[in-house]
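Given next are the chains, with one letter for each unit.
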Amino acid sequence: MSARYDDSSAVVPASIMNHTTFKTVALAALVALSVVGSAGVAAGADVTEPAGTVEDIETGDETQTVSDIEVTNTDPGADGVDVYVNVTALETADVGVDSLNVDIDDANVTNANVTDQNSNQNNGNTVVRLTFDVQDNETAFTVESLELVQLDTENATTTEGLTYDVVSSDSERLGSDAPDSEDSQTESFAIVDGDSGDDTDSTPTATESEETSTATESGDSDDDSDDSDTDDGSGDDESSGDGPGFGVAAALAALLGAAFLVRRA
């Protein structure tokens, strides 16, 4: 009986080969997707501090200007860069923000374009979100100015030392994740009383005082004129006493008459 040669151990079944090939291809695809995905995420940007200048608000006003927010360290020409501004400090001064909106356009931004803006109220925080596309080859941009509009300040409380927290982030920073004291802050601002100058009309102005003084002096001048008229009257009385001069002329005539009579005699 001849021996049989079994070489089945040297042959790799097609099913096993296909499974191994699939795992290799899948792993390679996963690595490639990870690389592509990471390349598509913009690098985190930074907001310089102080994160802008904020003007004071007078009670009764409905707008506030925020200026000079500088964002740096973006990817060159990055799109969709979000900047979050936590304006909850307004509520601590009893400023109503239920109708808060944002007014900003490209003319007020350097090296970037505005693509979106909105406000969000969530978990006790009111946050303004601004989205920008950075211009090609630029890695920084500046928000020259933006306006917070439709503020309700009728019942606002005069308050000093208020600031906004600002951050640029790839992750959403709303609600409980809103910017806080660990992020950049703006320069401080205040809520001031817009009615403080209303009582100034009750105080006489310098012009009014001068007019009163002038009127008084004019009255005194009139009195002096009256006295002068009285004196002129008395002068008239003195001029009516020309009698002594008339007496001298009469005496002279008498002497001439006497001399004429003596000569005739």
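Since this is a predicted model, take the numbers as computed values, not measurements.

So, how was this worked out
Residues numbered from 1 in each chain as written. Predicted model: local features only at pLDDT ≥ 70, side-chain atom pairs only at ≥ 80, totals over all residues. Heavy atoms only, no water. pLDDT = per-residue confidence, 0-100. Contact = heavy atoms within 4.5 Å. 1 Å grid on protein atoms, 1.4 Å probe; cavity = no way out; pocket = protein on both sides within 12 Å on 5 of 7 lines; lining within 4 Å. Points joined across faces, edges and corners; volume = space filled by probe spheres on them. Helix = DSSP H or I, 4+ residues; strand = E, 2+ residues; numbered from the N terminus. Nonpolar A, V, L, I, M, F, W, Y, C, P; charged D, E, K, R; others polar. Core = buried A, V, L, I, M, F, W, Y, C linked by side-chain atoms within 4.5 Å. Buried < 20%, exposed > 50% of the residue type's maximum accessible area, 1.4 Å probe, protein only.

1. Quick look at the confidence of the model for the protein
Consideration 1: Looking at the protein, pLDDT values average 76 and 57% of them are 70 or higher.
Consideration 2: Ignoring residues within four places in sequence, the model shows residues 24-43, a span with pLDDT below 50, making eight contacts including any to other chains.
Consideration 3: Counting interchain partners and residues more than four positions distant, the pLDDT-below-50 stretch residues 199-205 has one contact.

2. Some points on empty space enclosed by the protein
Consideration 1: Enumeration over the complete set of coordinates arrives at one cavity of 30 Å³ or more.
Consideration 2: Each pocket or cavity is described by its volume, and for the largest cavity that value is around 40 Å³.
Consideration 3: Where the lining of the largest cavity is concerned, the elements lending two or more residues are β4 (64-72), β9 (125-134) and β10 (141-149).
Consideration 4: For the lining of the largest cavity, a count of residues per class yields eight nonpolar, no polar and no charged.

3. Considering the nonpolar core
Consideration 1: In this structure, Leu90, Ile104, Phe132, Phe141, Leu146, Leu148 and Tyr164 are the most contacted members of the largest nonpolar core, which totals 39 residues.
Consideration 2: At the level of secondary structure, the elements contributing two or more residues to this core comprise β4, β5 (81-86), α2 (89-92), β8 (112-122), β9, β10 and β14 (189-192).
Consideration 3: Formed by five residues, the second largest nonpolar core is a distinct cluster that contains Tyr84, Val127, Leu174 and Ala178.

4. Remarks on unusual backbone geometry
Consideration 1: Along the chain, Glu49 connects to Pro50 via a cis peptide bond; the corresponding omega equals 5°.
Consideration 2: By secondary structure assignment, the location of Pro50 is in the loop between β1 (46-47) and β2 (53-54).
Consideration 3: Unusually for a residue other than glycine, Asn73 sits at a positive phi of about 60°.

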